[in-house]
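Reading the structure
Each chain, letter by letter, is given below.
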Amino acid sequence: MKIVVLTKHVPQAIGEVSFAQDLTMDRAAVRCRLEDSDEYAVEQATRVAARRLDVQVTALTMGPSGAVAALRSALALGADEGVHVLDDALHGCDAPATSLVLAAACRRLGFDLIICGTASADGAMSVVPPMLAERLAVPALCYCDWLGTAEDAVLGRRDDGTILEELTAAMPAVVSVTDRSGEPRYPRFEAVAEARHKLIRTWSLAELGIDAAHVGLSAAATAVRRITRPDPQPATVSGSDPQAAAVRIADFLTERQFL
Amino acid sequence: MRKVLTLVDRERDGAVRRSACALLTIARRLGEPVAVVDGPADPELIKTLGHFGASEIYCLPESTHADSRIESAESAESAESVRGPQSSASTTAAEPLPLLDSAAATSGSDSAPTATDLLHHLAILLDPAAILITAGYRGQETAARLAIRLDSGIITNAVDVRPGPDNTPIAVQRCLAGSYLVESTVVRGVPVITVRPEAARPEPFRATPAVHTVRVDPSPNPVPSVAATPEPRPDRPPLDQADIVVAGGRGIGSRAAFAVLAEVADALGGAVAGSHTAAELGWVPQEARVGLTGKTVHPRLYFACGISGSVRHRAGMQEAKTVVAIGDDPAAPIFHLADLGVLGDARTILPALLAEIRNRKAL
């Protein structure tokens, strides 16, 4: 059984992020790490691997050369090998183009299960998993709080706030797991040291058979017009008018999705 | 004016969600709002959507499951054509709408058409100015698949959508934990935009919608089967497992005022807790005391009312993800922890808040 885990290299401290001339995030100027939610994906992959024989876990990423660090973290957490899609033409890819590249890489690797985190800290589009499923014509089980496998099927549970859903699909399938799925382990020193000797392959777009005209900033289907930094809302407001205060609190609760 | 498709987000019993009405309000800024229902439409649904300005409603025929395959086999030539506009009166009330068939949704080509199939069909048929979908578990997946099928650009989790200079919608997203606002437009295909439920307040705008029933062939892509079990939720969750905790302290003033706080907790679906003082005064049971000598809680929302936030109290709640505090002492330490602090009298603000929450929940 082959499991592909999607990983992403994201800025470590959001406060340090700056934007380049073309309104893309300047990833070279900021310290990055493995995306938190991807740690949960790697954890789930290793848990599946622990329960079954002959499981191979491949961590897959695309991004600038620094993104290899995210792969190393994933290898330390238990992935067996890494694949890095590295190409200058990938700069500024939008979500559909990202899914195009990742789908090609997954097809080339072969897979029974693709496990992803739900949303990245930097983009938070959370649409790459279902896009990948659409391109690969496989089912998608998104936002799973629990993941399990049967012989040829993958099982997931999710809670949409009002009901608990149990999802089942035949493999191959795409799954995205939430941070409620199980705490990722803290890698032992031996695992970190061993990760340095695990294989990382680097693929270019040409090797994946993708025309560079279909990816990158120039092929993006969305364009960023403007980026602004909103004034932070004052954390403490006056409550001398109870009605206004109630509206302010209700707005805050709605914004944070408690209502 | 070009049409703007909005996917109607519904409860499991078929009731229209508030967010669906908010989408219609946003759609009205961009063009002619059209509601798309991934199931049959009953009079109640048509009435609600009309109340919020839907000029047209596209829905699936009743019991798409068993019949559609038979009918499409019998009359293949009319299978994918839009049936003419029917009067809304002719549509009868259906059984509780199966949003996702819980009993035996099968995978593969013999399943019912999904929302993606329906929207894909309508996008080609109507060439809308935009497709708006509520950002949720299902909405996000529908939007993602739709964008790939249409080869369109997609913008997710928009907190605001407004018409741009050349009438292309501009969507505003919060990025990097809300520290930046990014305004983007879609430059290829029909814009697919998922909108956060809180992006707009539904504004009534009376319209008499024309109802169209559409027959769509399900796509051959396999979909996971979904067995949905309604989770039995206790009215009030246990304190140490609660997602939302509403806590009161000395500032609440009396046992009677604490009852209002409990009602706010019920309206939010949260647990009631008290500070050391509140427990000592008997306003809350001893086991609901949060702090060093009581329970430790890790909720997503900790709502502290009339609590100063002494060290022993903070020890029990500082792991809370979001803290909202109401208190009348600007020097109270709880305000250092609070994501939102309100300086005022909790006894007057809580009843107003309760009314506001009930008002918002009732659409």
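Report on the accompanying structure. Along every chain, residues carry numbers that run from 1 in the direction the sequence is written. In the order they appear in the text, chains get letters beginning with A and ligands get numbers beginning with 1. Where local features are concerned, this predicted model is filtered to residues with pLDDT of at least 70; where side-chain atom pairs are given and counted, the filter is 80 or more; whole-chain, interface and lining totals use all residues. Side-chain metrics in this entry use all non-hydrogen atoms of the structure; hydrogen atoms and water are not considered.

**Section: the overall build of chain A**
If you tally the helices and strands in chain A, you get seven helices and 14 strands. For 259 residues, the compact-globule formula gives about 18 Å, and the C-alpha radius of gyration of chain A, at 20 Å, lands near that figure. Its C-alpha atoms put chain A at 65 × 45 × 40 Å along the principal axes. Using a 1.4 Å probe on the protein chains alone, a residue whose accessible area is under 20% of its type maximum counts as buried, one over 50% counts as exposed, and one in between counts as partly exposed. Relative to its 259 residues, chain A shows a buried fraction of 51%. Long-range contacts, defined as pairs at least 24 residues apart, comprise 70% of the intrachain contacts of chain A with a sequence gap of at least 6. Counting only carbon and sulfur atoms, one obtains 51% of the accessible surface of chain A, whose full area is about 11100 Å². Per the convention used, a helix needs a DSSP run of H or I reaching at least four residues, while a strand needs a run of E reaching at least two, with both numbered from the N terminus. All radius of gyration figures rest on C-alpha atoms, and the globule criterion is 2.2 Å times the number of residues raised to 0.38. Working rule for contacts: check all heavy atoms of both residues, and any pair within 4.5 Å makes them a contact. The method behind every accessible area is Shrake-Rupley, applied with a 1.4 Å probe, and residues are considered shielded solely by the protein chains displayed.

**Comments concerning the nonpolar core**
Residues belong to one nonpolar core when they are buried, are Ala, Val, Leu, Ile, Met, Phe, Trp, Tyr or Cys, and are joined through side-chain atoms within 4.5 Å. Membership of the largest hydrophobic core comes to 59 residues, with the highest contact counts inside it found for A:L6, A:L60, A:V101, A:I114 and B:I131. Top contributing element to this core by residue count: helix 3 (residues 95–109) of chain A, with nine residues. Contacts of A:L60, omitting those with residues within four sequence positions, involve A:V4, A:V5, A:L6, A:T7, A:L71, A:V83, A:V85, A:L102, A:A105 and A:C106. In terms of nonpolar packing, the next biggest core, distinct from the first, is built from 58 residues, B:L239, B:V246, B:A271 and B:I307 among them.

**Side note on the pattern of salt bridges**
If charged atoms from side chains of opposite charge come close, those side chains can pair. A side-chain nitrogen of Lys or Arg and a carboxyl oxygen of Asp or Glu constitute a salt bridge if their distance falls within 4 Å. Following the criterion strictly, the structure yields 27 salt bridges over all chains and no others. Where A:E134 meets B:R149, a salt bridge forms, and the shortest distance between an N and an O atom there is 2.7 Å. Taken together, the residues A:E134 in helix 4 (residues 128–136) and B:R149 in helix 5 (residues 137–150) connect one chain to another. For A:E134, a relative accessible area of 9% puts it in the buried group. For B:R149, a relative accessible area of 21% puts it in the partly exposed group. Here B:R347 ties to B:D345 by a salt bridge, and the two come within 3.2 Å at their closest N and O atoms. Judged by relative accessible area, B:D345 falls into the partly exposed class, the value being 26%.

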